[in-house]
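This is what each chain is made of:
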Amino acid sequence: MTENSGGAPLVRLEGVNKHFGPLHVLRDIELSVGRGEVVVVIGPSGSGKSTLCRVINRLETIDGGSIVFDGQELPAEGRALARLRSEVGMVFQSFNLFSHKTILENVTLGPVRVRKVSRQQAEQRGMELLERVGIASQAGKYPAQLSGGQQQRAAIARALAMDPKMILFDEPTSALDPEMVQEVLDVMTGLARDGMTMMVVTHEMGFARRAANRVVFMADGQIVEEGEPSEFFTQPSTERARDFLSKIL
Ligand code: ADP
Ligand code: MG
């Protein structure tokens with residue numbers, strides 16, 4: 001969890017703006033994430049957190065500013081875009097597993113198709129990853145046969161299978177029954193400890209305190225405040241952040 005251990009940040013957003021029609025959803029975003037850094041993004045619904053994640057792996061385009069990932073401006077299309085997507089893992093609230101494929105197939109699909117890894121190799125690595133997230137015994141089942149927590153851990157294993165340089169988590173525990181939240185957060189905390197670069201949109205403040213190097217608070221498309229968790233949670237400097245924290249803590 002060392003901050004900026006590799007010198008230049010892994011991803012840097014400068015003056016990033018994004019509109020949806022008349023709606024200005026990202027306003028002059030300045031944000032860097034260092035290698036191995038864990039940044040937790042919080043803020044009210046509609047503040048632009050998901051859009052922030054989506055512009056980083058170019059699921060959305062931006063209409064102003066620049067995003068540099070691993071030393072290169074985000075590619076617009078073609079092979080470079082495919083490579084970017086494989087280097088930036090994404091874990092969504094809704095798991096997004098392929099329902100007609102087994103858990104192991106979900107995990108091996110990317111490496112076999114995109115990385116041209118042999119099936120045997122992909123399966124061996126896939127089983128190791130399922131082991132790591134604690135669901136190796138579920139490998140041959142289909143997503144619907146697993147609990148929500150197990151499905152989300154499978155989604156994390158699938159992201160890891162591509163050897164991403166960074167993983168974006170967009171409210172990964174929001175769709176889970178309460179008793180399954182911790183098992184997913186525990187896997188994420190393990191990744192953070194192992195040095196994975198992560199941006200995590202979450203309302204789980206316990207996770208933020210334990211695992212985050214930095215908390216970024218967004219409102220109305222802007223970064224209103226950011227700081228180390230210990231500082232941010234005990235003495236937020238803006239009224240907006242104080243107000244938000246009083247509602248969720
Ligand atoms: P958050 O994740 O913080 O709840 P979002 O990034 O999802 O916020 O959304 C920010 C704003 O952009 C919201 O007002 C939302 O309704 C709007 N928005 C998000 N995606 C789209 C889209 N594809 N088309 C139009 N408006 C969108
Ligand atoms: Mg969202």
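Quick caveat: nothing in here was measured; it's all calculated off a predicted structure.

S.K.: Break down the overall build of the chain for me, citing the residues and quoting the values.
M.R.: If you tally the helices and strands in the chain, you get nine helices and ten strands. A principal-axis box enclosing the C-alpha atoms of the chain has dimensions of 50 × 40 × 40 Å. When the 249 residues of the chain are sorted by exposure, 43% land in the buried category. Contacts spanning at least 24 positions in sequence make up 67% of the contacts within the chain whose residues lie at least 6 apart.

S.K.: Please set out the sheet that holds strand 7 (residues 166-170) residue by residue, giving values where relevant.
M.R.: Strand order across the open sheet formed by six strands is 6-7-8-3-9-10, with mixed pairing between neighbours. Both outer strands of the open sheet, strand 6 (88-91) and strand 10 (222-227), are each paired with one neighbouring strand and no more. Each neighbouring strand pair of the sheet contributes to a mean axis angle of 20°, computed without reference to strand direction. Pairing of strand 6 with strand 7, which is carried by four bridges, proceeds in the parallel orientation. Bridge pairing links glycine 89 to isoleucine 167 in strand 7.

S.K.: Hey, could you go over the sheet that holds strand 4 (residues 64-69) for me, with residue numbers and the actual values?
M.R.: Taking strand neighbours across the sheet as the criterion, the four strands line up as 2-1-4-5 in an open arrangement whose pairing is antiparallel. Of all the strands in the sheet, the pair left with one neighbour each is strand 2 (23-33) and strand 5 (72-73). Across five bridges, the pairing between strand 1 (residues 11-20) and strand 4 is antiparallel. Pairing of valine 11 across the sheet is with phenylalanine 69, part of strand 4. Helix-sheet contacts for helix 1 (residues 49-56) involve strand 1, strand 2 and strand 4, and the interaxial angle to strand 2 is about 60°.

S.K.: Give me unusual backbone geometry: which residues, what numbers.
M.R.: Within the chain, arginine 58 stands out as a residue other than glycine whose phi angle is a positive 60°. Inspection of the secondary structure puts arginine 58 in the loop between helix 1 and strand 4. A positive phi angle, close to 50°, is found at aspartate 70, a residue other than glycine. Mapping aspartate 70 onto the fold places it in the loop between strand 4 and strand 5.

S.K.: Help me get a handle on the packing of helix 3 (residues 103-113) against helix 5 (residues 148-160), residues and values and all.
M.R.: Where helix 3 meets helix 5, the axes come as close as 8 Å, and the angle between the chain directions of the two elements is 25°. Taken as axis vectors, helix 3 and helix 5 run roughly parallel relative to one another. The handedness of the crossing between helix 3 and helix 5 comes out as right-handed. Of helix 5, the residues touching helix 3 (which contributes Ile103, Asn106, Val107 and Gly110) are Ala154, Ala157 and Arg158. Classifying every residue of the contact of helix 3 with helix 5 by side-chain character gives four nonpolar, two polar and one charged.

What counts and how
- Residues numbered from 1 in each chain as written.
- Chains lettered and ligands numbered in written order.
- Predicted model: local features only at pLDDT ≥ 70, side-chain atom pairs only at ≥ 80, totals over all residues.
- Helix = DSSP H or I, 4+ residues; strand = E, 2+ residues; numbered from the N terminus.
- Buried ≥ 20, exposed ≤ 12 C-beta atoms within 10 Å, placed from the backbone.
- Contact = placed C-beta atoms within 7 Å.
- Pairing = 2+ DSSP bridges.
- Axes fitted to C-alpha atoms, helices over the stretch in contact; angles between N-to-C directions.
- Parallel < 35°, antiparallel > 145°, perpendicular 65-115°, else oblique.
- Left-handed = near helix turned anticlockwise from the far one by under 90°.
- Nonpolar A, V, L, I, M, F, W, Y, C, P; charged D, E, K, R; others polar.

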